[in-house]
Amino acid sequence: LREKYGSIEAFNSAWALSAASFDELLDQGLAVATPAARADLQAYTDLFFETYFSWMETTFRKHDPNHLLIGNRLHKGTINNESLCRIMGRHLDVVSFYYYTYGIDRDFLGKIHRWTGDKPMMPSRSEWSASLLAETMRLGRIRTTRWLCGQRASTPSKPQSAALVLPGPGLRTGDGLRRVDGSED
């Protein structure tokens, strides 16, 4: 920011602050309250994640070229960032994120899918019921979408963590897959 703005006065004006020097800001949290501050924070975040995911991809491909890169388990609010999704789409094989819900938000999932460059998705830890499972099965037949998620058995009255696999146009249930949560049901 010192390099970008050149002077503390220009920085203060852009960020609506009144710091006497850049050094004064080193140990402070900065409020992101202006469009310039939001743009600077997004640029920093983009640089951070591009560097991180590029390093991760390069390192794994060097030592294990066939390793499936699933990435980080982001939350619904975190993954709702177009720039981050595009960065992950460049470096990951599958985009993974927590998706807590009692319903399927087709627009949201479709948006994330498009932003990642149509990468397979692994939303999980969703809450499912028998009726929602039926809706998901219909959703899984959309030809343009490739989503991965998982399903653990549940009753309509007691939704559980999900783990369904949607590898392509049709739905495949998680039967025969090892349960990552250790459950027997």
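See the structure printed just above.
Residues numbered from 1 in each chain as written. Predicted model: local features only at pLDDT ≥ 70, side-chain atom pairs only at ≥ 80, totals over all residues. Heavy atoms only, no water.

1. Overview of the overall build of the chain
Along the chain, the regular secondary structure elements total seven helices and six strands. Expressed as a percentage of contacts within the chain between residues at least 6 apart in sequence, the contacts between residues at least 24 apart total 57%. Accessible area of the chain: about 11,000 Å², with a carbon and sulfur share of 54%. (Helix = DSSP H or I, 4+ residues; strand = E, 2+ residues; numbered from the N terminus. Contact = heavy atoms within 4.5 Å. Areas by Shrake-Rupley, 256 points an atom, 1.4 Å probe, with all protein chains shown as cover.)

2. Details of unusual backbone geometry
Here A16, not a glycine, exhibits a phi torsion of approximately 55°, which is positive. Position of A16 relative to the elements: it lies in the loop between helix 2 (8-15) and helix 3 (35-63). Even without glycine at this site, D118 takes up a positive phi of about 65°. Along the chain, D118 falls in the loop between helix 6 (106-115) and strand 2 (121-124). Accessibility expressed as a relative area gives 45% for D118, which makes it partly exposed. (Buried < 20%, exposed > 50% of the residue type's maximum accessible area, 1.4 Å probe, protein only.)

3. Concerning the packing of aromatic side chains
Tallying each qualifying case throughout the model produces eight aromatic pairs. Here the aromatic rings of Y52 and F53 are separated by 5.0 Å at their centres, their planes lie at 75°, and the arrangement is edge-to-face. Taking the relative accessible area as the measure of exposure, F53 reaches 1% and is therefore buried. Grouping aromatic residues by their ring pairs yields a cluster made of Y44, F48, F49, Y52 and F53. Above the face of the Y98 ring, R73 is positioned so that its terminal group lies 4.3 Å from the ring centre. (Phe/Tyr/Trp six-rings, centres within 6.5 Å; stacked < 30°, edge-to-face > 60°. Lys NZ or Arg CZ within 6 Å of the ring centre and 35° of its normal.)

Any functional reading would require information beyond the geometric quantities listed.
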